[in-house]
Amino acid sequence: MHGEGEYVWSNGLKYKGDFKENTVSGRGMYVWPDQSVYKGDVEAGLRHGKGTFFCADTPSFYSGDWVHGRRTGTGKMSYDREELSYYMGEWEDNQKCGRGFRQYASGSTYEGVWLDNVRHGKGTMHWQGTGESYAGDWYMGIQHGTGTQCWLVDASSQLPLKNEYKGEWKDGRRHGHGVFTYASGAKYDGEWLDNAKHGYGKFFFKDGSVFSGNFENDSIVGRPGSPDMGKMMRSAIATGRVSSPLVNSTKTSQSSFQLNISPLVSDEIFLDEELQQVHNVLLRHISYLRRVYNRYCKLRDCDSGVLLRMEFWRFLKDCNLYLKISMPQADGSFRMLWK
């Protein structure tokens, strides 16, 4: 047989397309008894080149490269008729292998490296509905190596609140050294074991105070007369409000002040969550801000710890900040900011 033709095997398999010297080679279409269909390039009776296969049983279909009857090269496999679940990327010997993008039926996605049909190498996973994501190393389908995972706490605000861990992983759990930043503004930088703070680490409270020491099973190693640090950390994480006896031990005898930013914010635009985010940023850099504040307080050769307007205008000038309002108007506005 040579040229176009049609052939039916005894088991019901049908082929229609090109023949070359009595072999199925060229372009053609296979139809199986269960109504599965392949249409594309063939060589020596095998799917080879570019082609599309539809499986009637699943139903699923693949469109892309073939080598000697196996999915090899690049192609897209859809696992349902609506194509809500699919993989698009590199293949080797019918297995997802190399770089590819996978969308699951739930809407969750993974983009990165694959090996033998599992996530393996560098990649990013987004979980639909939970606001959770992970970017980093994978080993046989789970987080292993180094990577960053984020948990969205509140997506309703204009500035979404999230927890974030960046560091080492083992068998899908936080293990080794890593930094966990909480949505409240608190942060832990230290060692982890089986998803728990374990070993030496530093806990940065939302108010700027810091605890350095050893942790065991997610709690600070107890000492006689020591404060309940576990309770204070839970407070820092859940509410952002910490009443800590360590605050005074980590601060010098600097002037204490409170910044009220409410007059600068329109309630119709920003909600309480956005105001909280501004406070969190200020508190995260509170030590540096205090040093700047005290430096300008001392320009008058006294140590009163009070920043007067003259020194404040000097600060604005040094920062190259220029106001579009008059000095009296500026004085009135800034009086509202300080308590």
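Being a predicted model, the structure only gives us computed values, none of them experimental.

**Focus: the overall build of the protein**
So, point 1. If you tally the helices and strands in the protein, you get five helices and 19 strands.
So, point 2. When each of the 339 residues of the protein is scored for burial, the buried share is 35%.
So, point 3. Split by element, the accessible area of the protein, about 20100 Å² in all, is 53% carbon and sulfur.

**Digging into the side chain of Asn163**
So, point 1. Along the polypeptide, Asn163 turns up in strand E14 (residues 161–170).
So, point 2. The exposure class of Asn163 is buried, given its relative accessible area of 17%.
So, point 3. Of the polar contacts made by the side chain of Asn163, one reaches the backbone nitrogen of Ala183; its length is 2.7 Å.
So, point 4. Ignoring sequence-local partners within four residues, the contact set of Asn163 consists of Gln149, Cys150, Trp151, Val153, Phe180, Thr181, Tyr182 and Ala183.

**Brief notes about helix H3 (residues 286–297)**
So, point 1. If you check H3, its first and last C-alpha atoms are 16 Å apart, about what twelve residues at 1.5 Å a residue would give, namely 16 Å.
So, point 2. For H3, the set of buried residues is Ile286, Arg290, Tyr293, Asn294, Tyr296 and Cys297. Across the axial projection of H3, the buried residues extend over an arc of 160 degrees, all falling on one side. More than 90 degrees from the buried face of H3, the exposed residues found are Tyr288, Arg291 and Arg295.

**Describing the environment of Glu216**
So, point 1. By the secondary structure assignment, Glu216 is in strand E18 (residues 210–216).
So, point 2. It is 8.9 Å that separates the C-alpha atoms of Glu216 and Tyr200, two residues lying 16 residues apart in sequence.
So, point 3. Setting aside residues no more than four positions away along its own chain, Glu216 makes contact with Lys197, His198 and Val221.

**A short note on the packing of aromatic side chains**
So, point 1. Taken as a whole, this structure holds 28 aromatic pairs when the rule is applied.
So, point 2. Here the aromatic rings of Trp32 and Phe53 are separated by 5.5 Å at their centres, their planes lie at 90 degrees, and the arrangement is edge-to-face. Of the two residues, Trp32 is situated in the loop between strand E3 (23–31) and strand E4 (37–43) and Phe53 in strand E5 (residues 46–55); the sequence distance between them amounts to 21 residues.
So, point 3. The class for Phe53 is buried, based on a relative accessible area of 18%.
So, point 4. Aromatic pair Phe180 and Trp192: ring centres 6.0 Å apart, planes at 35 degrees, arrangement tilted. Taken together, the residues span a long stretch of sequence, with Phe180 in strand E15 (residues 173–181) and Trp192 in strand E16 (residues 187–193) at a distance of twelve residues.
So, point 5. Looking at Trp192, the relative accessible area reads 4%, which means it is buried.
So, point 6. The ring of Tyr86 has Lys76 lying over it, and the distance from NZ or CZ to the ring centre is 4.6 Å.
So, point 7. Above the face of the Tyr87 ring, Lys96 is positioned so that its terminal group lies 5.6 Å from the ring centre.

**Some points on the environment of Met1**
So, point 1. As for its position among the elements, Met1 is in the segment before strand E1 (3–8).
So, point 2. For Met1 and Asn22, which are 21 residues apart along the polypeptide, the C-alpha to C-alpha distance reads 4.4 Å.
So, point 3. For Met1, the contacting residues outside a window of four places in its chain are Tyr7, Phe19, Lys20, Glu21 and Asn22.

Here is what the cut-offs are and how they apply
- Residues numbered from 1 in each chain as written.
- Predicted model: local features only at pLDDT ≥ 70, side-chain atom pairs only at ≥ 80, totals over all residues.
- Heavy atoms only, no water.
- Helix = DSSP H or I, 4+ residues; strand = E, 2+ residues; numbered from the N terminus.
- Buried < 20%, exposed > 50% of the residue type's maximum accessible area, 1.4 Å probe, protein only.
- Areas by Shrake-Rupley, 256 points an atom, 1.4 Å probe, with all protein chains shown as cover.
- Polar contact = N/O pair within 3.5 Å; in protein donor to acceptor, adjacent residues only side chain to side chain.
- Contact = heavy atoms within 4.5 Å.
- Expected span 1.5 Å × (residues − 1).
- Arc of directions from axis to C-beta.
- Phe/Tyr/Trp six-rings, centres within 6.5 Å; stacked < 30°, edge-to-face > 60°.
- Lys NZ or Arg CZ within 6 Å of the ring centre and 35° of its normal.

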